[in-house]
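Analysis of the macromolecular model
What follows is the residue order along each chain.
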Amino acid sequence: MNRQAQAAVLFLLGASLLHAATTDLYLRYVKQGLRPLVLLSGAVLIAAAVATVWYERKRARGRGRGRKHDDEPGDGPGHAHHEPRVSWLLVLPLFALILVAPPALGSYSATRAGTALQEPLAYPALPSADPLRLGVVDYAGRAVYDHGRTLQGRRVQLTGFLALDRDGTPYLVRMALNCCAADAQPVKVALAGRIPPVLQPDTWLRITGTYSPRRAKDPVNGGPIPFIEVTEAKPVAAPKDPYDESWNG
Amino acid sequence: MAITKAAPRRPDDRRDPERSEEEGRHLNSPLLLTMLLLTLVLLQSPIRRALSAPVMQSWTTVFVAVMVQALPFLVLGVLLSAAIAVFVPPSFFARALPRRPALAVPVAGAAGAVLPGCECASVPVAGALVRRGVTPAAALAFLLSAPAINPIVLTATAVAFPGDPEMVLARLVASLLVACAMGWLWLRLGRTEWLRPQSRASHDGQSKGEAFWGSVRHDVMHAGGFLVVGAMAAATLKAVAPESWLSAAADNPVLSVLALAILAVVLSICSEADAFVAASLTQFSLTARLTFLVVGPMIDLKLFAMQAGTFGRAFALRFAPATFALAVVVSVLTGTVIL
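Residues numbered from 1 in each chain as written. Chains lettered and ligands numbered in written order. Predicted model: local features only at pLDDT ≥ 70, side-chain atom pairs only at ≥ 80, totals over all residues.

Looking at an unreviewed UniProt entry, chain A carries the name DUF1980 domain-containing protein, with the source organism given as Streptomyces curacoi.

Take a look at the structure:
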């Protein structure tokens, strides 16, 4: 790859990072807190592309005037100095990010990994709204480790996507994220009560229901899965940030 | 695997500077790039259909996620390494580090605490240090310690293990020990010919700005390519290997340490996030999880690919297994003492 092609790849890479970070696309892959870094690195990559083109032109002009001072060995003028072929691989993330833009992790990853529920540090008092909106992770933590003490007699509303176990048990899942989707882990809540008749994995649902003391064990890692007694399930659009980032502190 | 195919063949690099030869023999690379991108655009709907299977979808998502997450840190490291290469004179390092290499190793290892980033940033910086005349042993100690002991990573560890504050201490101690031990091991056994002779064009006759941006461009293209290789490997294993294998290993103390050490290599998680993953592996002992935290920032698939790119394959093939073995042993020892 010569310098002009490198400049093109650097520019496209920077532009696709900027595109991902200025839209909500980046939230499918990394946590919210990385946004300034992604923006910054996109800008630096574009600057590197511009600088490469600029210095190339300067060199070419210098050569055109007949100044013969750029015959350094190994780093000849203009089109020489190739980077190793492995640089061509940088076209792949470009393509994946611009043209494919894969969706956030869904039910496939969720059913392959065990629930990653951890004991919360504290159980802050809940607002008195009705129905009460809670995160899937928050609900599961309160239900399992606090035995639902703060949830008694409340109507709660959870949003997550649907995943079906191998034997067809339906779960409401939210992937919890610490840094990027490579470390995303599912937190699952099993559904009981008035479950919708047709269950399509990966559809986003807003579930209204009440606390249920029933527990199940995750078939993958034996982790605890609480139940929720469903009274209403509504399909909704996927939220802006598909992951739960409450563990980032 | 892919690394052998994709690795650069240096003789080629040296051969093609002849300008006239290139026009004839090689396809013009901007043209090739344009054609490649156009073909990909034309074929996008069949490719999308092929990628719509759940396995492929989660593969692509993890692949893109690793790239988007690692690129900012790579860029940070590349900027730092370019600044070192262009603006810091070699005499600075001669003064800053003790003259005796055996003493320079722990100093450089402890200096790793000031690079606030993850492992992607430390590879190009260590490469720049070697080029600037720092003894390789000290640069390697820095390479290994920087991603594990900087304040951001240690804070993340403390947050992820609220009930076990000694985990932070154990991670710091074990990582520093491994980094210094690898540095001293390199002093005893290392040979310079394993390191790739730095084929970097000299910056003579260039303005500082030109040298700086030239270094940024070179490092991003180079390390970035290897980062892609590593990200693909990590995505493949994440999408294909079932997690149930892990729970089988958790009951045996020896197996559990080895299993988490291998998992750390395979997952290639950023060192700023690995503490949270370790915290969630509750079925494993604290020592096994410490091994995960010590091995991960020092050697994993994407790091191996990037080290092979920066220092040469002969180096990476020797360095990586030695680091892995030493990191496992030291973590177990530290774990039994502290945890």
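Now, onward.
Within chain B, the regular secondary structure consists of 19 helices and zero strands. Counting over 339 residues, chain B shows a buried share of 53%. In chain B, of all internal contacts separated by at least 6 residues, the share reaching a separation of at least 24 is 85%. (Helix = DSSP H or I, 4+ residues; strand = E, 2+ residues; numbered from the N terminus. Buried ≥ 20, exposed ≤ 12 C-beta atoms within 10 Å, placed from the backbone. Contact = placed C-beta atoms within 7 Å.)

Moving on, we get to the domain arrangement of chain A. Residues and elements named next belong to chain A. Each assigned domain of chain A is listed with its residue range as follows: domain 1 (3–102) and domain 2 (108–248). A separation of 42 Å is found between the C-alpha centroids of domain 1 and domain 2. In this assembly, eight residues from domain 1 lie in contact with nine residues from domain 2. Of the residues that constitute the side of domain 1 that touches domain 2, the class distribution is three nonpolar, two polar and three charged. (Domains from an automatic or database assignment. Nonpolar A, V, L, I, M, F, W, Y, C, P; charged D, E, K, R; others polar.)

Looking now at unusual backbone geometry. All names here are of chain A. Pro131 follows Asp130 through a cis peptide bond whose omega is -5 degrees. Along the chain, the position of Pro131 falls in the loop between α4 (107–112) and β1 (132–134). Of note in this structure, Ala101 is not a glycine but carries a positive phi near 45 degrees. The class for Ala101 is partly exposed, based on 18 C-beta atoms found within 10 Å. Of note, the phi angle at Asp202 is positive, near 80 degrees, even though the residue is not glycine. Take Asp202: it is sitting in the loop between β4 (185–193) and β5 (204–217).

So, on to the UniProt feature "domain: DUF1980" (unreviewed entry) in chain A. Mapped onto this numbering, the UniProt entry annotates "domain: DUF1980" (unreviewed entry) at residues 143–243 of chain A. Annotated as 3% helix and 50% strand, the span residues 143–243 of chain A places its first and last C-alpha atoms 20 Å apart. (UniProt positions renumbered as here; feature names shortened; annotations may be inferred.)

The terminal C-alpha atoms of helix α6 (residues 54–87) of chain B, which comprises 34 residues, lie 49 Å apart, in line with the 50 Å expected from a rise of 1.5 Å per residue. Along α6(B), the sharpest change in direction is near 30 degrees and occurs at B:Ala70; proline B:Pro72 comes one to four residues later. (Expected span 1.5 Å × (residues − 1). Bend = angle between axes of the 7 residues up to and from the residue.)

With 70 residues of chain B at the interface, the matching set in chain A holds 72 residues. The set of elements that each furnish at least two residues to the side of chain B that touches chain A consists of α2 (10–15), α3 (19–25), α4 (29–42), α5 (44–50), α6, α13 (208–240), α14 (244–249) and α16 (274–280) of chain B. With 18 residues, the top contributor of residues to the side of chain B that touches chain A is α6(B). Residue composition of the side of chain B that touches chain A, by class: 42 nonpolar, 17 polar and eleven charged.

Residue and element names in this part refer to chain A. Within β4, seven of the nine residues are buried, which leaves it mostly tucked inside the rest of the structure. Alignment of β4 against strand β6 (residues 224–235), held across four bridges, turns out to be parallel. Each bridged residue has a counterpart across the sheet, and for Ala190 the counterpart in β6 is Phe227. (Pairing = 2+ DSSP bridges.)

On to the environment of B:Trp245, then. Position of B:Trp245 among the secondary structure elements: in helix α14. Once the C-alpha coordinates of B:Trp245 and B:Ala259 are considered, the two residues, 14 residues apart in sequence, prove to be 9.1 Å apart.

Residues and elements named next belong to chain A. As paired elements, strand β2 (residues 156–164) and β5 share six bridges and run antiparallel to each other. Paired with Thr159 across the bridge in β5 is Arg206. Connecting the antiparallel pair β5 and β6 is a turn made up of six residues, with Gly222 showing a positive phi of about 75 degrees.

Let us look at the UniProt feature "transmembrane region" (unreviewed entry) in chain A. Residues and elements named next belong to chain A. The positions UniProt marks with the feature "transmembrane region" (unreviewed entry) are residues 36–55 and 86–105. In this annotation, residues 36–55 is assigned 100% helix and 0% strand; the end-to-end C-alpha distance for the span is 28 Å. End C-alpha atoms of residues 86–105 are separated by 28 Å, and the span's content is 50% helix alongside 0% strand.

Residue and element names in this part refer to chain B. Viewed as axis vectors pointing N to C, α13 and helix α18 (residues 301–311) meet at an angle of 150 degrees, and their least axial separation amounts to 7 Å. The orientation of α13 with respect to α18, classified from their angle, is roughly antiparallel. Regarding α13 and α18, the two cross each other, and that crossing is right-handed. Each of His222, Ala223, Gly225, Phe226, Leu227, Val229, Gly230, Ala231, Ala233 and Ala234 in α13 lies in contact with α18, whose residues at this interface are Leu301, Lys302, Ala305, Met306, Ala308, Gly309 and Thr310. (Axes fitted to C-alpha atoms, helices over the stretch in contact; angles between N-to-C directions. Parallel < 35°, antiparallel > 145°, perpendicular 65-115°, else oblique. Left-handed = near helix turned anticlockwise from the far one by under 90°.)

Turning our eyes to something else, we now look at the nonpolar core. Of all hydrophobic cores here, the largest spans 190 residues; its most connected members are B:Val66, B:Val68, B:Ala141 and B:Val178. Per-element tally for this core: the top contributor is α6(B), with 19 residues. Looking at which domains feed residues into this core, each of domain 1 (3–102) and domain 2 (108–248) of chain A supplies at least three. Apart from residues no more than four positions distant in its own chain, B:Val66 is found in contact with A:Cys180, A:Ala182, B:Ala231, B:Ala234, B:Ala235 and B:Ser268. (Core = buried A, V, L, I, M, F, W, Y, C linked by C-beta atoms within 7 Å.)

The next thing to look at is the packing of helix α8 (residues 101–111) of chain B against helix α12 (residues 166–189) of chain B. Any two packed helices are characterised by how steeply their axes cross, that is the angle between the axes, and by the distance between the axes. All names here are of chain B. Contact geometry for α8 and α12: axes closest at 9 Å, N-to-C directions at 150 degrees. When the axis of α8 is compared with that of α12, the two are roughly antiparallel. Seen along the crossing, α8 lies across α12 with a hand that is right-handed. Only Leu176, Ala179, Cys180, Gly183, Trp184 and Leu187 of α12 make contact with α8, whose side of the interface consists of Pro101, Ala102, Val105, Pro106 and Gly109. Per-class residue counts for the contact of α8 with α12 are nine nonpolar, two polar and no charged.

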